[in-house]
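# Observations on chain architecture
One-letter residues, chain by chain:
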Amino acid sequence: MVKTPNNPVIGQSLQSQLVNHRLFPAIALFCLGIITRLPFQSQIVWGDGGNFALAVEHFDVRLEQPQMPGMFIIFIGFARFFNLFLHDPPASLVMVNVVASGVAAAMLYVIGTTWFNERVGLTASLLMLTSPLLWFNGEMALSHMLEFTWVVLINYAAYHTGTGDKKALFGLGILMGLAGGIRPSTPFFLLPLALYATFLGLRKGKFNFLDVVLAVFLGLLAIALWMTPLIISSGGWDSYWEMVRQWLPLHTEREDADSALKIIDNVFLLLKAILRTVGLGLLPMLWVVTIKRPNWLRSWRKNWANRAIALSIIPGACFFLLVHLRRKAQSLTIMPGFILLGALAIVSFSEHFSKGKRRQRWALITTVIVSLNGLFFLFGPTGVPTWREIRSFDAKFLEPIAFIQENFDPQTTAILSHPLYKRLVAVYLPEYRQPALSSLVADNRDRPQVLTPPVDTLVLLDNRILRNPEQSKDFQQLVMPSGKTIRYLTWSGDRQLEVTTESVQLVSVSDDK
């Protein structure tokens, strides 16, 4: 931290110069974050992104728009703002994450510079901008990138709350309250950090207990801001609670780490997530842990910034290690801390090997690491968070969607997709019959869905549904311009089709009666 002279005029002048000195790089990094994301945006929604896209136009948890527990209202709200201009719900969701990437880049620079020094701030920002996992999620219509950015903002507010800043205390309360409207787990993971920061601020005497009560009240108002429309759109509190009661057993049906082997498995999953976040920045981090080996306890006691980083990581990491980590993107709650640790390790590594030319060596090492990380995202293989993976998924569905629109009548055609892609028809082909068919089939696997007149054609959107030749032996094929085929089945008006995820069966209308 920079100390200012006792003379208030001189002190204010120096503080103003310091703010201006940090403002231009922060703005430049914000713009860089947006510029680097705009050309690589995904064109097709992934997974829960379909639920989010439908929720942009009509929010109703009863229809899984979005999925339970439905606490994504802030994310959906931001997307609705962009949708006023873009008129494209999936693109609007992605744009939220594009802007969030810019905000995260700017704030990590501010945090690193404020807590440590400018080299740490610039390294943290560049490491985040070229992180394969963060760049990937910055191009998706999912909530993970906005969650990452919100955690960065909470970390910033918590740190300044710990220094006794009353405005930061109120901001922390509001940010914590709103965090549940982006992802429900975020405020729980960061609650220890918020409580400890508040305790430190109280101990400094720069705000009092009534200020804390006011901050809590502001947090409760922030919760009400997103909770109220959630409850109303769900048909009232009783209706929402009943949905939660039915959803909880399904959500908690997972293999928790109740053995050493499962814990070790979670450790490796988390390490993969860290590697995909900091990339080659992991090498200086390993050097710090294995070679430099600092006094962690002394560092914890001496530096509030180090404690803030630790408290932003430990609760979430314990959950991921001892409970579950289904997808690596779920770990983004704790990744701001690892980005800062990676930046500190890179700066420390460069200083250790170049006593006389620290800035030059730091610039070289940082450039090499962030360049290789960025190149991996741009040119890396499929199956990992890269642009090639985004393009591969887009290509998988862009052509079939356009081909179906050109060759099949919406008035008589229904479309079926694999359960993994069950929302794509409702998002991109809503004009066709029974756009929710794939969701109904996926969610009711023991009960066939029946296609009745005027529907006389079923088109399979992808090759994963009914992939066994015996399951689709009566289907015909059309060849698309790429040479790939699309399968479809037609039938006469006196018959109807029973559809499940495993089979289709034509039955006579009279037999059905």
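The text that follows walks through the structure, step by step, so that each part is easy to find. Because the structure is a prediction, the values reported are computed rather than measured.

## Quick word on the sheet that holds strand β5 (residues 485–490)
Pairing in this open sheet of four strands is mixed, and the strands run β1-β3-β5-β4 from one edge to the other. One side of each edge strand has no neighbouring strand; the edge strands of this open sheet are β1 (413–416) and β4 (476–479). Strand-to-strand twist in this sheet, taken as the mean axis angle between neighbours without regard to direction, amounts to 30°. Relative to β5, β4 runs antiparallel, the two sharing four bridges. For Gln-476, the partnering residue across the bridge sits in β5 and is Tyr-488. Contacting β1, β3 (457–460), β4 and β5, helix α18 (residues 387–407) runs over the sheet at an angle of about 40° to β5.

## Thoughts on the side chain of Gln-65
Its location among the elements puts Gln-65 in the loop between α2 (49–57) and α3 (73–86). Apart from residues lying up to four places away in sequence, Gln-65 is in contact with Asn-51, Leu-54, Ala-55, His-58, Phe-59, Asp-60 and Arg-423.

## Notes on the pattern of salt bridges
Under the counting rule described, the total for this entry stands at six salt bridges. The closest approach of N and O atoms between Glu-242 and Arg-245, which form a salt bridge, is 2.5 Å. Here Glu-242 pairs with Arg-245, and both are found in helix α11 (residues 237–251), just three residues apart, close to one helical turn. The salt bridge involving Lys-422 is made with Asp-443; its shortest N-O contact spans 3.1 Å.

## Here's the deal with the packing of aromatic side chains
Counted according to the given criterion, the structure contains 25 aromatic pairs. On the numbers, 4.5 Å between centres and 15° between planes, the contact of Trp-135 with Phe-377 is stacked. With a gap of 242 residues between them, Trp-135 in helix α6 (residues 132–137) and Phe-377 in helix α17 (residues 358–379) connect regions that are remote in the sequence. Taking 6.1 Å as the distance between ring centres and 5° as the angle between the ring planes, the aromatic pair formed by Tyr-159 and Trp-304 counts as stacked.

## Considering the side chain of Asp-462
With respect to the helices and strands, the residue Asp-462 is situated in the loop between β3 and β4. Among buried charged residues, Asp-462 stands out as having no salt bridge; its nearest opposite-charge side chain is Arg-464, 5.8 Å away. Polar contacts involving the side chain of Asp-462 include one to the main-chain amide nitrogen of Arg-464, which spans 2.9 Å. Setting aside residues no more than four positions away along its own chain, Asp-462 makes contact with Phe-397, Ser-417, His-418, Tyr-421 and Arg-487.

## A short note on the environment of Lys-206
One can find Lys-206 in the loop between α9 (186–204) and α10 (209–233). For Lys-206, the residues in contact, after removing those within four places along its chain, are Thr-163, Gly-164, Lys-166 and Gly-201.

## Here's the deal with a nonpolar patch on the surface
Together, Leu-280, Leu-283, Leu-286, Leu-364, Val-368, Leu-372, Leu-375 and Phe-379 give the surface a local cluster of nonpolar side chains, amounting to about 750 Å² of exposed area. Breaking the nonpolar patch down by element, the ones donating at least two residues are α13 (282–292) and α17. Top element by residues in the nonpolar patch is α17. It accounts for five residues. Relative to the elements of secondary structure, Leu-280 occurs in the loop between α12 (260–278) and α13.

## Thoughts on the packing of helix α8 (residues 166–179) against α9
Each pair of packed helices can be summarised by the angle the axes make with each other and by the distance between the axes. Put simply, α8 and α9 touch, their axes get as near as 10 Å, and they point 165° apart. By the angle between their axes, α8 is roughly antiparallel relative to α9. α8 and α9 meet at a crossing whose hand is left-handed. On α9, the residues touching Leu-169, Leu-172, Met-176 and Ala-179 of α8 are Thr-186, Pro-187, Leu-190, Leu-191, Ala-194 and Thr-198. Grouping the amino acids of the contact of α8 with α9 by side-chain chemistry returns eight nonpolar, two polar and no charged.

What counts, and at which threshold
Residues numbered from 1 in each chain as written. Predicted model: local features only at pLDDT ≥ 70, side-chain atom pairs only at ≥ 80, totals over all residues. Heavy atoms only, no water. Pairing = 2+ DSSP bridges. Helix = DSSP H or I, 4+ residues; strand = E, 2+ residues; numbered from the N terminus. Axes fitted to C-alpha atoms, helices over the stretch in contact; angles between N-to-C directions. Contact = heavy atoms within 4.5 Å. Salt bridge = Lys/Arg side-chain N within 4 Å of Asp/Glu carboxyl O. Phe/Tyr/Trp six-rings, centres within 6.5 Å; stacked < 30°, edge-to-face > 60°. Buried < 20%, exposed > 50% of the residue type's maximum accessible area, 1.4 Å probe, protein only. Lys, Arg positive; Asp, Glu negative; His and termini not counted. Polar contact = N/O pair within 3.5 Å; in protein donor to acceptor, adjacent residues only side chain to side chain. Patch = residues over 30% accessible without salt bridge, like charges linked within 9 Å, V, L, I, M, F, W, Y side chains within 5 Å. Areas by Shrake-Rupley, 256 points an atom, 1.4 Å probe, with all protein chains shown as cover. Parallel < 35°, antiparallel > 145°, perpendicular 65-115°, else oblique. Left-handed = near helix turned anticlockwise from the far one by under 90°. Nonpolar A, V, L, I, M, F, W, Y, C, P; charged D, E, K, R; others polar.

Such coordinate-based values are descriptive only and should not be taken to indicate function.
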